[in-house]
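Structure at a glance
Chain residues, written in single-letter form:
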Amino acid sequence: MGCVQWLSAPLVTMLMTSLVAADGILYPTESESRIIHSLDGIWAFRLANESESSVGHREGWYKQELRKTGRTIAMPVPASYNDITQDKVVRDHVGVAWYDRTFYIPRKWNSSDTKIWLRFAGVHYAADVFVNGELVASHAGGHVPFQADVTSVLQYGQKNLISVAVNNTLTDITVPQGEVQQLQTDAGARFVQYYKFDFFNYAGIHRPVVLYTTPSIYIDDISVNTDVNDDTGVIEYVVRVGGDTKTRATVSVSLLDRDGNYVIRNVVGDQGNLQVPQARLWWPYLMNPEPAYLYTLEVRTSTESAVPEDVYRLPVGIRKLGWTNTSVTMNGKAIYIRGFGRHEDSAIRGKGHDYPLITRDYNLIKWIGANAYRTSHYPYSEEIMDFADREGIMIINECPGVDIGSYGFKDELLEAHKTALTRLHRRDKNRPSVVMWSVANEALTASPEAYGYFRDIADHMKALDISRPITMALNKPCNLDLAGEFMDVIGFNRYNAWYVNSGRTDTIIQNVKEEALNWHKKYNKPVLMTEYGGDTMAGLHLSPEYIWSEEYQVKLLSKHFEAFDQLRNESFFIGEMIWNFADFNTAQTYVRVGGNKKGVFTRDRQPKASAQLVRKRYWALAEELDSVTPPDDLSEYVHESHAKYLETGLPDVWVTSV
Ligand code: GCB
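Keep in mind that what you see is a predicted model, and the values were worked out from it rather than measured. (Residues numbered from 1 in each chain as written. Predicted model: local features only at pLDDT ≥ 70, side-chain atom pairs only at ≥ 80, totals over all residues. Heavy atoms only, no water.)

A word on the environment of D244
For clarity, the cut-off: In this description a helix means any DSSP run of H or I spanning at least four residues, a strand means any run of E spanning at least two, and both kinds are numbered starting from the N terminus. Only protein chains enter the accessibility calculation, which uses a 1.4 Å probe. A residue is then buried if its area is under 20% of the maximum for its type, exposed if over 50%, and partly exposed in between. By definition in these notes, contact holds between two residues if any of their heavy atoms fall within 4.5 Å.
Tracing the backbone through its elements, the reader meets D244 in the loop between β17 (232–242) and β18 (249–256). Judged by relative accessible area, D244 falls into the partly exposed class, the value being 35%. Once the C-alpha coordinates of D244 and S138 are considered, the two residues, 106 residues apart in sequence, prove to be 24 Å apart. The residues contacting D244, other than those within four sequence positions of it, are S216 and I217.

If you want it as structure tokens, here you go:
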């Protein structure tokens, strides 16, 4: 196997990002000044040769409909392309894949007062986008949106063609990292994408594609920060206007409550502070009887010219986030995180956006009584994040810096990693659900390079946002770690009784407690366990419990719960996150049976036995910490004497003696 010079000629365009403006990236919403036109649906699709990834660029496949330059197949957008067909060449493709479709736009959009934007919410990993044969956007980074002003390249009253080249190649300087190697097969040399991270490198147009209009002078970006003084909410805001800079625009803002009543009206100025007496605060799920209260910030622009006003409505949650060396607080109250690491992953769609799936996921999160999750290991779709804002689920928002491990091209990597953080922050800075930024997962933080690297990463994140604590999920031994010093909160991942001491659930309590204490002693920061768990084949039952069985997962989690309860007395321990919410797909390896099976839900979102256990614990925590009454279907009726045994334990006679 030899390493390919993958960054040479064919991919140069794919790695350019300069065509994508570094401006605002507000979520496209309709208003009286904005219309949205979806381009989702069935597109035409073709893989470029693995041996010459640039063939489509060289032969100009984007200059005419893809079907005219060769065979195409139907491909849904949004979706990953990998699991749509029966063909493993499509599933395992390395390099460039082409998509295209045609569309019409209304004639009335052709106006000097109107701008038309083409927005992709997420294409993995890199994309070149052409409209009517012209390159309009080139973007690298698979989990964040990008857009281009396409007003001048559209054909009004005629058919338009959009073509997208998607490249899934990961290298030393992509985030996440990967490596392409050449493998000698019976049919000759083939490319293989290797990566260390433990989820399938799904590719394609994963998230919605829209065209939307704005007036030619438009609201480009809005930033809000909130605070609470006594019972007055404070909303600090800054509005950036885009478009013709010679024309002066006046910005005015209003605030509406959840019922649509104006609380504050027409405050003029592109930045300022709104004071909201008796503010209704944004609280996490179960921490308050009315969680996730959202106001609407209504922003308007007007000009003295004929350009019509622009109107944008941003949901705003008023909350006060704080942290010390032992706690993270929400509106003055310490939070205790009970949740999961997750993935965007499901059968057929891969990492493609799917409303039924994400709605089901939030129903399960609420059913189980969780109040948080980490967007392991990359930014999730904006629609998923909207749910978190609306339901009060706290998010540790992770950038795609997963398994950073090769510092060979450190400067380039650092730049790409910083860019990933900048883009994540730009997209999610206004979300009340985001309570922490996670700058990386399981990086090689014991290597000497890690010290300077993560100092720079932390500085960068702090320069973007000082209103939220930063964390990362660490897994190197505490005494060797060089990165935790730069974090506000220490997250640690450890697989006691799974990768370490497999089968020995009797080693969990001591090890978890000791490790958490060591992290706190070393860094004097709040600590949470960001990952623990064990693979479990749904339906495999073995007694006494044995690894991979449902019984074993129940025991493993339960032993951790005991450790956590003891740690909670130590005051610095702020949360527990199971790995994983649901089973998910991974690269093919002999340690994975149809993917990673550490979910408490199966890949099709049905509960394993562990889900029932977790539900009991999370609701018990909510009862203890948030004074919530748990649902009455938590336990099934067993016998009238049952309540007694819950308190005193089972009679000895029921326990087999040894
Ligand atoms: C980890 C990783 C996660 C893996 C998990 C596992 O430490 O952070 O991405 O999926 O372990 O199951 O091995």
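There is more to say after this.
Quick word on the pairing of strand β8 (residues 126–131)
Heads up, the rule is: Any two strands are treated as partners once DSSP identifies two or more bridges connecting them.
With 6 of 6 residues buried, β8 is to be regarded as a mostly interior element. Where β8 meets strand β9 (residues 134–140), 6 bridges bridge the pair, whose relative direction is antiparallel. Bridge pairing in β9 links F130 to L135. The hairpin formed by β8 and β9 contains 2 residues between the paired strands, and N132 there has a positive phi angle of roughly 50°. One ladder, built from 6 bridges, connects β8 with strand β11 (residues 160–167); its direction is antiparallel.

Quick word on unusual backbone geometry
Y125 follows H124 through a cis peptide bond whose omega is -5°. Of note, the bond from S376 into H377 is cis; its omega dihedral lies within 30 degrees of zero at -5°. For H377, the location among the structural elements is in the loop between β27 (372–374) and α4 (382–391). Backbone geometry at A292 places phi at a positive 60°, although glycine is not the residue there. Here A292 is to be found in the loop between β20 (271–276) and β21 (295–303). Relative accessible area serves as the criterion here: at 4%, A292 is assigned to the buried category. Residue D403 is not a glycine yet carries a positive backbone phi of 55°. With respect to the element layout, D403 can be found in the loop between β28 (394–398) and α5 (410–428).

Considering the nonpolar core
Threshold: By nonpolar core is meant a set of buried Ala, Val, Leu, Ile, Met, Phe, Trp, Tyr and Cys residues that side-chain atoms within 4.5 Å join together.
The biggest cluster of nonpolar side chains holds 94 residues, and the ones touching the most others in it are F340 and F454. With 7 residues, the top contributor of residues to this core is helix α8 (residues 550–568). Setting aside anything within four residues of it in sequence, one finds F454 in contact with Y407, H417, A440, A443, T445, M472, A483 and F486. Judged by nonpolar contacts, the second largest core, of 43 residues, contains V224, A279, Y312 and I337.

Focus on a nonpolar patch on the surface
Heads up, the rule is: Here, patches come from residues exposed beyond 30% relative accessible area and free of salt bridges, joined within 9 Å for like charges and within 5 Å for nonpolar side chains (Val, Leu, Ile, Met, Phe, Trp, Tyr). For the area figures, the Shrake-Rupley method with a 1.4 Å probe applies, and any residue is considered shielded solely by the protein chains shown. Salt bridges are counted wherever a side-chain nitrogen of Lys or Arg sits within 4 Å of a carboxyl oxygen of Asp or Glu.
On the surface, L540, L542 and Y546 cluster together to form a nonpolar patch covering roughly 270 Å² of accessible area. Turning to its location among the elements, L542 is positioned in the loop between β32 (527–531) and α8.

Examining the confidence of the model for the protein
Close inspection of predicted coordinates is inappropriate for parts of the model with low pLDDT. This is how it is decided: pLDDT gives the predictor's per-residue confidence on a scale running from 0 to 100.
Residue-level pLDDT values for the protein average 94, and 94% of them are 70 or greater. For the stretch residues 1–21, pLDDT sits under 50, and the model shows 56 contacts to residues farther than four places along the chain or on other chains.

Some thoughts on the environment of E640
Mapped onto the elements of the fold, E640 is located in the loop between α9 (609–626) and α10 (642–648). Among the residues examined, E640 registers a relative accessible area of 69% and is labelled exposed. Each C-alpha atom of the pair E640 and E545 lies 28 Å from the other, and the pair is 95 residues apart in sequence.

Examining the site of the ligand
The following threshold applies: Being near a molecule or strand, for a residue, comes down to having at least one heavy atom within 4 Å of it. Think of a polar contact as two N or O atoms within 3.5 Å of one another; within protein, one of them needs to be a possible hydrogen donor and the other a possible acceptor, and neighboring residues in sequence only count if both atoms come from side chains. Note on residue classes: Ala, Val, Leu, Ile, Met, Phe, Trp, Tyr, Cys and Pro are nonpolar, Asp, Glu, Lys and Arg are charged, and everything else, Gly too, is polar.
The environment of the ligand is formed by 13 residues, the closest being D198, H377, E442, Y499 and K598. Here R592 contributes a side-chain N or O atom positioned 3.1 Å from an oxygen atom of the ligand. The contact in question runs from an oxygen atom of the ligand to an N or O atom on the side chain of K598, over 2.5 Å. Notes on the ligand: free accessible area 320 Å², of which the protein chains cover 93%. Looking at the shell around the ligand residue by residue, the class counts come to 4 nonpolar, 4 polar and 5 charged.

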